[in-house]
Amino acid sequence: FPSHDRADAWASETTAGLGGWLIVRGRKHFFHLEILPELIPRGWHLKSNMQRNIASFECLAQCALLFARIKLEGASFQQKVHVRQQSDNTPTVFGINKMSSNKVSLNRALQLLAKLALKYNLDVEATHIAGERNDVADQCSRKNDPDKHQVWPPVGLSPPDEVHFSLEDLFQAV
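Everything in this summary refers to the structure shown in the same document. Numbering of residues starts from 1 in each chain and follows the order in which that chain's sequence is written. Local features in a predicted model are, by the rule used here, given only for residues with pLDDT of at least 70; side-chain atom pairs are given and counted only at 80 or more, and totals for whole chains, interfaces and linings are based on all residues. Note that the side-chain values use all heavy atoms of the structure and ignore hydrogens as well as water.

### Structural notes on the packing of aromatic side chains
Condition: Side-chain rings of Phe, Tyr and Trp (the six-membered ring for Trp) are treated as a pair once their centres are within 6.5 Å; stacked means planes under 30 degrees apart, edge-to-face means over 60, and tilted covers the remaining angles. In DSSP terms, a helix is any run of H or I states spanning at least four residues, a strand is any run of E spanning at least two, and both are numbered starting from the N terminus. Burial classes follow relative accessibility: with a 1.4 Å probe on protein chains only, a residue under 20% of its type's maximum area counts as buried, one over 50% as exposed, and anything between as partly exposed.
Tallying each qualifying case throughout the model produces 4 aromatic pairs. Between Phe30 and Trp152, the ring centres sit 5.7 Å apart and the planes meet at 70°, which makes this aromatic pair edge-to-face. Placement of the pair is Phe30 in strand β3 (residues 27–35) and Trp152 in the loop between α4 (135–141) and α5 (167–172), with a sequence separation of 122 residues. With relative accessibility at 25%, the residue Trp152 sits in the partly exposed group. Here the aromatic rings of Trp44 and Phe171 are separated by 5.7 Å at their centres, their planes lie at 75°, and the arrangement is edge-to-face. Placement of the pair is Trp44 in the loop between β3 and α1 (54–73) and Phe171 in helix α5, with a sequence separation of 127 residues. The exposure classification of Trp44 matches that of Phe171, with both residues buried.

### Let's talk about the pattern of salt bridges
Oppositely charged side chains may form a pair once their charged atoms are brought near each other. For the record, the criterion: Note on definitions: salt bridges are taken to be side-chain nitrogens of Lys or Arg within 4 Å of carboxyl oxygens of Asp or Glu.
In total, this model carries 7 salt bridges according to the counting rule given. Between Asp161 and Arg27 there is a salt bridge whose closest N-O contact spans 2.2 Å. Taken together, the residues span a long stretch of sequence, with Asp161 in the loop between α4 and α5 and Arg27 in strand β3 at a distance of 134 residues. Assessed through its relative accessible area of 44%, Arg27 is described here as partly exposed. When the shortest N-O distance is used, the salt bridge between Glu125 and Arg84 registers 3.4 Å. With Glu125 in strand β5 (residues 122–128) and Arg84 in strand β4 (residues 81–87), this pair connects stretches of sequence that are 41 residues apart.

### Things to note about the nonpolar core
Side chains of nonpolar character tend, in soluble globular proteins, to be buried together. Put simply, the rule is: To qualify as a nonpolar core, a set must consist of buried Ala, Val, Leu, Ile, Met, Phe, Trp, Tyr and Cys residues joined through side-chain atoms within 4.5 Å. Here, residues are in contact when the closest pair of their heavy atoms is within 4.5 Å.
Ile35, Leu60, Leu116, Leu122 and Leu170 are the most contacted members of the largest nonpolar core, which has 47 residues in total. Residue contributions to this core peak at 12 residues, all from α1. Once residues lying within four places of it in the same chain are set aside, the contact partners of Leu60 are Leu18, Ile35, Ile40, Trp44, Ala109, Leu112, Leu167, Leu170 and Phe171. With 6 residues, the next largest nonpolar core counts Trp21, Val136, Ala137 and Leu157 among its residues.

### Re the side chain of Asn53
As for its placement among the helices and strands, Asn53 is situated in the loop between β3 and α1. Under the relative-accessibility criterion, Asn53 is labelled buried at 2%. Aside from chain neighbours lying at most four places away, what touches Asn53 is Leu46, Lys47 and Ser105.

### Thoughts on unusual backbone geometry
In terms of backbone geometry, most residues other than glycine have negative phi values and most peptide bonds are trans. A positive phi angle is found at Arg25, which is not glycine, with a value near 50°. Topologically, Arg25 is positioned in the loop between β2 (16–24) and β3. Judged by relative accessible area, Arg25 falls into the exposed class, the value being 64%. Within the chain, Met99 stands out as a residue other than glycine whose phi angle is a positive 50°. With respect to the helices and strands, Met99 occurs in the loop between α2 (90–98) and α3 (104–119).

Purely spatial values, then, with no claim about function.
Dropping the structure here:
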């Protein structure tokens, strides 16, 4: 798959959001998930200030991006498929490419990504993109950001192309 797929996350002290976009069969699709602390399993050991978990949320956004592709493409692939995804968060890119981190919550997100990739026969590679070039994914992640008064969906995206799923759907996919 082309390396156009992008995801992003933002966080305030009490909430966070994930969002991103991907191209499947020539159409641009997008997603958004709101993150509240009670939606994340206790074993993730999140810090009480959601902003301090941003690398974990950035990686969780990459999991959601992969899950959106799985939902759009259908079931498992017969042969291993290489998927390139982009993030503007360096710890996430390094974590995905080496599948390891010294932070428990980031490791939990990496484990989720690895389980999705294994279950659906995907090989995931992350590349870094400058934050200013990740503006559409950033807008998708900020749907629930009270400090950003933006049009939904972001410019250039169409409501029929929104991929709908919950954080619970993502956790239960593995």
